[in-house]
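Letter by letter, the chains look like this.
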Amino acid sequence: MTDYENHPAVNNLRNYIRIRSVHPNINYDECINYLKAQAKELGLPYQVYELVPKNPILVMTWEGLEPSLPSILLNSHMDVVPVFEKSWTYPPFEARLVDGVIYGRGVQDMKSVAIQYIEAIRRLKNKGLRFKRTIHLSFVPDEEKGGKNGMKNFVKSDYFKNLNVGFALDEGLASPDDSYIVYNGERSIWHINVICPGK
Ligand SMILES: [Zn+2]
């Protein structure tokens with residue numbers, strides 16, 4: 001059996017969960033510093049954009065062999081929703097590991113995904129693999145409040161345009177059984193307002 005309790009990827013996730021990026025009034029400095037250290041470990045250049053004060057966005061970039069091709073974006077949000085600490089079996093920002101389960105705010109939604117991206121890139125890089133397309137990893141604030149100070153703003157900027165994104169992944173939802181839930185968007189989404197004046 002694998003010694004998952006001491007696995008560096010598991011440790012990495014637990015350390016990320018221990019950062020209290022919890023609403024309201026989040027100070028993202030610790031998250032950003034953590035992610036900067038990750039980028040340095042991976043040997044990837046990174047940029048921090050602060051389009052809205054106190055709401056930084058960090059983008060790590062693994063350049064492809066054909067960087068003019070549209071890129072792949074692996075996105076995740078750094079913020080987590082508040083907790084009612086008394087209702088928890090274990091403290092929500094301790095990331096305690098009990099019988100193979102990590103207890104912590106953000107372990108499902110969605111710090112796990114962020115660390116999975118990072119660890120996947122680490123393995124691929126360590127194997128010496130290269131890909132045609134550039135891969136960007138973006139870490140955004142403010143998703144749990146609607147993203148007005150995060151992604152919603154970022155996608156309108158030239159910084160985002162310059163990433164030349166061709167395809168993006170972001171969070172799904174946990175599944176209680178053996179199937180995986182995937183949210184599929186093809187071509188474009190349609191938000192339709194139906195107005196019935198009642199006459
Ligand atoms: Zn989420």
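Predicted model, so just to flag it, every value in this text is computed and none were measured. (Residues numbered from 1 in each chain as written. Predicted model: local features only at pLDDT ≥ 70, side-chain atom pairs only at ≥ 80, totals over all residues. Heavy atoms only, no water.)

K.L.:
Describe in detail helix H2 (residues 29-42), supporting the description with residues and values.
P.N.:
With 14 residues, H2 should cover 20 Å at 1.5 Å per step; its first-to-last C-alpha distance of 20 Å lies within 8% of that length. Residues of H2 that are buried include every one of Cys31, Ile32, Tyr34, Leu35, Gln38, Ala39 and Leu42, and no others. Projected down its long axis, H2 carries its buried residues within an arc of 160°, all on one side. Residues Lys40 and Glu41 are exposed on H2 and point more than 90 degrees away from its buried face. In this structure, the buried side of H2 is in contact with helix H1 (8-17), strand S1 (46-49), strand S2 (57-62), helix H3 (111-126) and strand S6 (135-140). (Helix = DSSP H or I, 4+ residues; strand = E, 2+ residues; numbered from the N terminus. Expected span 1.5 Å × (residues − 1). Buried < 20%, exposed > 50% of the residue type's maximum accessible area, 1.4 Å probe, protein only. Arc of directions from axis to C-beta. Contact = heavy atoms within 4.5 Å.)

K.L.:
Which residues make up the coordination of the zinc ion, and what values go with them?
P.N.:
The coordination sphere of the zinc ion contains the protein donors His77 (NE2), Asp109 (OD), Glu171 (OE) and Glu171 (OE), at a distance range of 1.8 to 2.6 Å. Every donor counted, the four donor atoms about the zinc ion form angles of 55 to 145° at the centre, which fits irregular coordination. Counting the intervening residues between successive donors of the zinc ion yields the motif H-x31-D-x61-E. Taken together, the positions of Asp109 in the loop between strand S5 (101-103) and H3 and Glu171 in the segment after strand S7 (165-169) put the pair 62 residues apart, joining distant regions of the chain. (Donors = N, O, S within 2.8 Å, 3.2 Å for Na, K, Ca; no water. Tetrahedral: all angles 85-135°; square planar, octahedral: opposite > 155°, others 65-115°.)

K.L.:
Describe the nonpolar core, listing the residues and the values that go with them.
P.N.:
Counting 33 residues, the largest nonpolar core has Tyr16, Met60, Leu137 and Phe139 as its most contacted members. The residues touching Phe139, leaving out its near neighbours within four places in the chain, are Tyr16, Leu35, Pro56, Ile57, Leu58, Met60, Ser76, Met78, Ala114 and Ile118. By size, the runner-up hydrophobic cluster in this structure holds eight residues, among which are Val59, Val140, Phe154 and Phe160. (Core = buried A, V, L, I, M, F, W, Y, C linked by side-chain atoms within 4.5 Å.)

K.L.:
If you had to explain the packing of H1 against H3 to someone new, which residues and values would you point to?
P.N.:
Their axes nearest at 10 Å, the elements H1 and H3 cross at an angle of 140°. Where H1 crosses over H3, the handedness of that crossing is right-handed. Seen from H1, the contacting residues are Pro8, Ala9, Asn12, Leu13, Tyr16 and Ile17; seen from H3, they are Lys111, Ser112, Ala114, Ile115, Ile118, Glu119 and Arg122. (Axes fitted to C-alpha atoms, helices over the stretch in contact; angles between N-to-C directions. Left-handed = near helix turned anticlockwise from the far one by under 90°.)

K.L.:
With reference to specific residues and values, describe the packing of aromatic side chains.
P.N.:
The final tally for this structure, using the stated rule, is six aromatic pairs. Ring plane angle 35° and centroid distance 4.6 Å describe the contact between Tyr49 and Tyr159, whose orientation is recorded as tilted. Of this pair, Tyr49 sits in strand S1 while Tyr159 sits in helix H5 (residues 158-163); the two residues are 110 residues apart in sequence, bridging distant segments of the chain. By relative accessible area, Tyr159 is classed as partly exposed at 40%. With 5.8 Å between their ring centres and 85° between their planes, Trp62 and Phe131 make a pair best called edge-to-face. Pair noted here: Trp62 is in strand S2 and Phe131 is in the loop between H3 and S6, with a separation of 69 residues, a long-range link. Phe131 gets classed as partly exposed once you look at its relative accessible area, which sits at 34%. Three or more aromatic residues joined by ring pairs make a cluster, and in this case those are Tyr49, Phe154, Tyr159 and Phe160. (Phe/Tyr/Trp six-rings, centres within 6.5 Å; stacked < 30°, edge-to-face > 60°.)

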